[in-house]
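The chain contents come next:
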Amino acid sequence: MKIANILKDERPSVSFEVFPPKQRSSLESVERAVKEIAALKPAFMSVTYGAGGGTSEYTLEIAKTIKKSYCVETLEHLTCVSSSKDTVLRQIEAIKENGVENILALRGDIPAEMADCDKKSWDYNHATELILQIKDVYPECCIGAACYPEVHPESSNSKEDIRHLKEKVDAGCEFLTTQMFFDNSLLYSFLYRLREAGVTVPVVAGIMPITRASQVEKAIRLSGCHVPQRFKSIVDRFGSDPEAMKQAGIAYATDQIIDLFANGVSNVHVYSMNKPDVAKGIFSNLSCILGKIYE
Ligand code: FAD
């Protein structure tokens, strides 16, 4: 099923993200986590592609299992910037052959060793080119793309970033998923600017439950997002107690999600980081809100 159709439903929905293992020896534990998260029957699950230095070898295998074995709709991430056209075409073909109907089309981060290369010789420079490529060889595929409520770190301003975002939508992207954010007011003003720029596709809000103090620094480094004082106080107070920090992190993420639902943002994607206990904690906190849909 196309995720764009799932998102048309105005009832609140929660989906989860998982990532593939770096080594085959960890595949079994990732598969166990994926199975437990899928058992919650979320709206869909996404599988990252080489994010944070990981590999992409198992992305399709995991995405296929989620759809075929657990009957949960799946979204496969695909990046292009450090790949050749041949590699990307082979990936799209494999995705199509394996019945995966949704791709999150991403540029990917530019590897440090490629930062000074002549970018003109690259097959892909931006996600828009990947979207056009997928449209060309797999037109039935439902394509999503990334967006940044606090502006992509390489953009000089929000206007420029939204202009490029609109190019992705005009190229065929049917929905957007946001980078993590910890202050909902930043998302609301971003949505306002998007709609003003004529971007009308559904926007799925990306929520990262921070359950370990060490995650905060990594989250800021990877996304550049603003951490409100309210959240910093939680980390200061509970960061050294793993169980208390986990409970507080799940509660903070739940609070963000309830506020989003209350303000008309119906679709939330949780960066569940292969942690079934975090996914379960959030689902359990939202049981009455989501109850009618997920029972
Ligand atoms: P783009 O849309 O290409 O944008 C990158 C920058 O280029 C922006 O500043 C944009 O404004 C600018 N730009 C766009 N088009 C043009 C143009 N034509 N001319 C000039 N400038 C332009 N990374 C992974 O490696 N694997 C993953 O699985 C993964 N999943 C992600 C999921 C989500 C929801 C998000 C938000 C990010 C994810 N990332 C992942 C990280 C992502 O790859 C990086 O943020 C990357 O730096 C940008 O990717 P993009 O697709 O947004 O790029």
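Residues numbered from 1 in each chain as written. Predicted model: local features only at pLDDT ≥ 70, side-chain atom pairs only at ≥ 80, totals over all residues. Heavy atoms only, no water.

Undergrad: How would you summarise the site of the ligand if you had to cite specific residues and measurements?
TA: Within the structure, the ligand sits among 26 residues, and Arg-107, Asp-109, Tyr-148, Asp-161 and Lys-168 are positioned closest to it. Within the backbone of Arg-107, an N or O atom sits 2.8 Å from an oxygen atom of the ligand. Asp-161 has a polar side-chain atom sitting 2.8 Å from an oxygen atom of the ligand. Looking at the shell around the ligand, the elements that each hand over two or more residues are β3 (74-79), β4 (102-106), α6 (158-171) and β6 (175-178). The leading source of residues in the shell around the ligand is α6, at four residues. Taken together, the residues of the shell around the ligand break down into eight nonpolar, 12 polar and six charged. (Near = heavy atom within 4 Å. Polar contact = N/O pair within 3.5 Å; in protein donor to acceptor, adjacent residues only side chain to side chain. Helix = DSSP H or I, 4+ residues; strand = E, 2+ residues; numbered from the N terminus. Nonpolar A, V, L, I, M, F, W, Y, C, P; charged D, E, K, R; others polar.)

Undergrad: Explain the environment of Met-208 to me, and be specific about the residues and the numbers.
TA: Within the secondary structure, Met-208 is located in the loop between β7 (203-207) and α8 (213-223). Classification of Met-208 as buried rests on a relative accessible area of 8%. With 85 residues separating them along the chain, Met-208 and Asp-123 place their C-alpha atoms 32 Å apart. Once residues within four sequence positions are removed from consideration, Met-208 is found in contact with Met-180, Phe-182, Gln-215, Tyr-271 and Met-273. (Buried < 20%, exposed > 50% of the residue type's maximum accessible area, 1.4 Å probe, protein only. Contact = heavy atoms within 4.5 Å.)

Undergrad: Tell me about the pattern of salt bridges, and please be specific about residues and values.
TA: A side chain with one charge may pair with a side chain of the opposite charge, provided their charged atoms come close. Following the criterion strictly, the structure yields 10 salt bridges and no others. In this structure, Arg-107 and Glu-154 form a salt bridge, with 2.7 Å as the shortest nitrogen-oxygen distance. Note that Arg-107 is positioned in the loop between β4 and α5 (127-137) and Glu-154 in the loop between β5 (142-147) and α6, a separation of 47 residues in sequence. Between Asp-277 and Lys-246 there is a salt bridge, with its nearest N and O atoms 2.6 Å apart. Taken together, the residues span a long stretch of sequence, with Asp-277 in helix α11 (residues 276-285) and Lys-246 in helix α10 (residues 242-262) at a distance of 31 residues. With a relative accessible area of 22%, Lys-246 lands in the partly exposed category. In this structure, a network of salt bridges that share partners links the residues Lys-67, Glu-73 and Glu-101. (Salt bridge = Lys/Arg side-chain N within 4 Å of Asp/Glu carboxyl O.)

Undergrad: So, the packing of helix α2 (residues 27-38) against α11: which residues are in play, and what are the values?
TA: α11 packs onto α2 with a crossing angle of 10 degrees between their chain directions and a minimal axis gap of 9 Å. The angle between α2 and α11 falls in the class roughly parallel. Along its contact with α2, which presents Ala-33, Glu-36 and Ile-37, the element α11 presents Pro-276, Ala-279 and Lys-280. Residue composition of the contact of α2 with α11, by class: four nonpolar, no polar and two charged. (Axes fitted to C-alpha atoms, helices over the stretch in contact; angles between N-to-C directions. Parallel < 35°, antiparallel > 145°, perpendicular 65-115°, else oblique.)

The quantities given are spatial measurements derived from coordinates; they are silent on function.
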